[in-house]
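Per-entry structural report
Residues per chain, in single letters:
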Amino acid sequence: MPQETLTNKTIFSGIQPSGILHIGNYLGAIRQWIKLQQDNTTIFCIVDEHAITVPYDPKTLPDRVLDVAAAYIAAGIDPEKSIVFVQSNVAAHTELAWLLSTIAPYGQMSRMTQFKDKSKKLSSKDAISLALFSYPVLMAADILLYGTQVVPVGEDQKQHIELTRDIAEKFNSQFGETFILPEPYIPTDSARIMSLTDPAKKMSKSDAEKSYIALTDAPDVIRKKIAGAVTDTEAIFSFKKSGPAVKNLLAIYKAFSDKTEEEIEKQFDDATYKDFKSALAETVITTLEPFQKKYNEIRSEDTELRLILGKGGHRAQGIANAKLHEVKIKMGLV
Ligand code: TYM
């Protein structure tokens, strides 16, 4: 779906609490959520049950969940307008995931690139959990429980949304009209922010720290990471002609500065990498400053955050349980 203005749609998206959020999460997903929040019904989940499909630390997970909740709110998600909740607080997600797994096509599941990438990082076949394989079915359940029409995500999630549509279609034809088929909503310019150290890989929180800019990185850390970012052999600043490393840095500059491509190319016409990188770092730092200030205030209010998530969970349960009940009746389980 192109970047058109949407109104009166039901919108759902989520982020895994598997580490601190980075600018890829912000530019690929959260920034769109804030815009969509105004004129649509919006539901934003912290998908902790997805985060446990790879090795993780159960002692720090509760804090990571609060980190993401604080980041959502600091970025501009208003919990009075949007439902903000934690996946594991709504049991209907895992129950529907099981029911959908009875019709999920194994062949198509085996072609999921996120599964292939993530399982490659694990040491052996036995270190790969069954849940990592069935992860997209849980994601389908997340989306389908809420009558979601639009899912704002980065490019990497497109394949999972296609699978969700296929599962919904198959269910509807087998058991009768039940699910709405969701559409992905992917930004045109920042759908895939690449790693600062390897422009062939997407920026990811599971890679080395110098490869991503966390939303909470201090100004000096941001300056250092950008200064250390790989570049191409020739210092050309062109959205068409630059190599992949500089194209990625230009995309980040464009997203944070809100300037046009022509303005940016003109601005850096005779620039060195040093000039460009320092302008980029200062733009990122200035844009993140209000976010960071708000994040630090909110993140220290654990009780308030838990209250928000509790309320959100309650609202989500109401919607999700009704849909689950309908599904169980259709499947002959009640
Ligand atoms: P996750 O937690 O990996 O990422 C959260 C969101 O950030 C986007 N994103 C990026 N966008 C641009 N450039 C990048 N380098 C980049 N890295 C991440 C992702 O596309 C995503 O939108 N499976 C999902 C979580 C999920 C979900 C859902 C999403 C579970 N259930 C239901 C939508 C609806 C995931 O792993 O996102």
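Here the structure is shown first, and the text comes after it.
The text that follows walks through the structure, step by step, so that each part is easy to find. Since we're looking at a predicted model, the values are computed, not measured. (Residues numbered from 1 in each chain as written. Predicted model: local features only at pLDDT ≥ 70, side-chain atom pairs only at ≥ 80, totals over all residues. Heavy atoms only, no water.)

**Here we look at the packing of helix α1 (residues 23-37) against helix α10 (residues 244-257)**
What counts here: Angles run from 0 to 180 degrees between N-to-C directions of axes, and those axes are lines fitted to C-alpha atoms, restricted for helices to the stretch in contact. Secondary structure elements are defined from DSSP: runs of H or I of at least 4 residues count as helices, runs of E of at least 2 residues count as strands, and each element is numbered from the N terminus. Throughout this description, any angle smaller than 35 degrees is read as roughly parallel, any larger than 145 degrees as roughly antiparallel, any in the 65 to 115 degree range as roughly perpendicular, and the remainder as oblique. We call a crossing left-handed when the near helix sits turned anticlockwise from the far one by less than a right angle, and right-handed when that turn is clockwise. Residue contacts follow a heavy-atom distance rule, with two residues in contact if any of their heavy atoms lie within 4.5 Å. Under the scheme applied, nonpolar residues are Ala, Val, Leu, Ile, Met, Phe, Trp, Tyr, Cys and Pro; charged residues are Asp, Glu, Lys and Arg; polar residues are all the others, including Gly.
Running from amino to carboxyl end, α1 crosses α10 at an angle of 50 degrees, the nearest separation of the two axes being 12 Å. Viewed along their axes, α1 and α10 adopt a mutual orientation that is oblique. Of the two possible hands of crossing, α1 and α10 adopt the one that is left-handed. Contact residues: Ile 23, Tyr 26, Leu 27 and Arg 31 in α1; Ile 252, Ala 255 and Phe 256 in α10. Along the lines of polarity and charge, the residues of the contact of α1 with α10 split into six nonpolar, no polar and one charged.

**Quick word on the nonpolar core**
What counts is decided by this rule: Throughout, nonpolar core names a set of buried Ala, Val, Leu, Ile, Met, Phe, Trp, Tyr and Cys residues whose side chains join them through atoms within 4.5 Å. With a 1.4 Å probe rolled over the protein chains alone, any residue whose accessible area is under 20% of its type maximum counts as buried; one over 50% counts as exposed, and the rest are partly exposed. The domain boundaries here were taken from an automatic or database domain assignment.
Grouped together as the largest cluster of nonpolar side chains are 60 residues, with contacts concentrated most on Ile 30, Tyr 72 and Val 284. Among the secondary structure elements, those contributing two or more residues to this core are α1, β2 (41-46), α3 (61-75), β3 (83-86), α9 (219-227), α10, α12 (273-299) and α13 (302-330). If one sorts the elements of this core by residue count, α3 sits on top with 11 residues. When we break this core down by domain, the ones giving at least three residues each are domain 1 (3-191 + 302-330) and domain 2 (216-297). Look past the residues within four positions of Tyr 72 in its chain and what remains in contact with it is Gly 14, Ile 15, Ile 30, Trp 33, Phe 44, Cys 45, Ile 46, Ile 77 and Val 84. Ranked by size, the runner-up nonpolar core spans 44 residues in total, among them Phe 133, Ala 141, Val 153 and Ala 168.

**Focus on helix α8 (residues 158-175)**
Operational definition: Each residue after the first adds 1.5 Å to the expected span of a helix.
The first and last C-alpha atoms of α8 sit 26 Å apart over 18 residues, in line with the 26 Å expected at 1.5 Å per residue. Among the residues of α8, those classed as buried are His 160, Ile 161, Leu 163, Thr 164, Ile 167, Ala 168, Phe 171 and Asn 172. Looking one or two residues past α8, Gly 176 carries a phi angle of roughly 100 degrees, positive in sign.

**Remarks on the layout of surface pockets**
The following threshold applies: In the cavity and pocket records, a cavity denotes points on a 1 Å grid over the protein atoms alone where a 1.4 Å probe fits but cannot get out, a pocket denotes an open set with protein on both sides within 12 Å along at least 5 of 7 lines, and lining residues are residues with an atom within 4 Å of a point. Grid points are joined across faces, edges and corners, and a volume is the space filled by probe spheres set on the points.
Size it by volume and the second largest pocket reaches roughly 400 Å³. Ala 97, Ser 101, Leu 130, Ser 134 and Val 137 are, among the 19 residues lining the second largest pocket, the residues nearest its centre. Taken together, the elements giving at least two residues each to the lining of the second largest pocket come down to α2 (48-51), α4 (92-101), α5 (106-110) and α7 (130-144). Counted by class, the lining of the second largest pocket contains 13 nonpolar, five polar and one charged residues.

**Describing the pairing of strand β1 (residues 10-15)**
Consecutive side chains of a regular strand alternate in pointing toward one face of the sheet and then the other. Spelled out, the test is: Seen with the strands pointing away from the viewer, any crossover whose path from the first strand over the helix to the second strand runs clockwise is right-handed.
Burial analysis of β1 places five of its six residues in the buried class, which makes it a mostly covered element. For the segment spanning β1, α1 and β2, crossover handedness is right-handed.

**Comments concerning the pattern of salt bridges**
To keep things clear, this is the line we draw: Basic side-chain nitrogens of Lys or Arg form a salt bridge, by our definition, when they fall within 4 Å of a carboxyl oxygen of Asp or Glu.
Summed over all chains, the structure comprises 16 salt bridges. Between Arg 299 and Asp 63 there is a salt bridge; the shortest N-O distance is 3.2 Å. Taken together, the residues Arg 299 in helix α12 and Asp 63 in helix α3 connect sequence positions 236 residues apart. Using a relative accessible area of 15% as the deciding quantity, one classes Arg 299 as buried. Close ionic contact of Lys 254 with Asp 189 constitutes a salt bridge, the shortest N to O distance being 2.8 Å. Within this pair, whereas Lys 254 is found in helix α10, its partner Asp 189 is found in the loop between β5 (183-185) and α9, the two being separated by 65 residues in sequence. The exposure class assigned to Lys 254 is buried, which follows from its relative accessible area of 17%. Beyond isolated ion pairs, a larger network of salt bridges with shared partners links Asp 63, Arg 64, Asp 67, Arg 299, Asp 302 and Arg 306.

**Topic: the packing of aromatic side chains**
In plain terms, the rule: Put simply, two rings from Phe, Tyr or Trp (the six-membered ring, in Trp's case) pair if the centres are within 6.5 Å, and we call them stacked under 30 degrees between planes, edge-to-face over 60, tilted for the rest.
Across all of its chains, the model carries 17 aromatic pairs by this definition. Aromatic pair Phe 237 and Tyr 273: ring centres 5.7 Å apart, planes at 80 degrees, arrangement edge-to-face. Taken together, the positions of Phe 237 in the loop between α9 and α10 and Tyr 273 in helix α12 put the pair 36 residues apart, joining distant regions of the chain. The burial state of Phe 237 is the same as that of Tyr 273; both residues are buried. An aromatic cluster is built from Phe 237, Tyr 253, Phe 268, Tyr 273 and Phe 276, whose rings are joined through pairwise contacts.

All we've got here are geometric facts, nothing functional implied.
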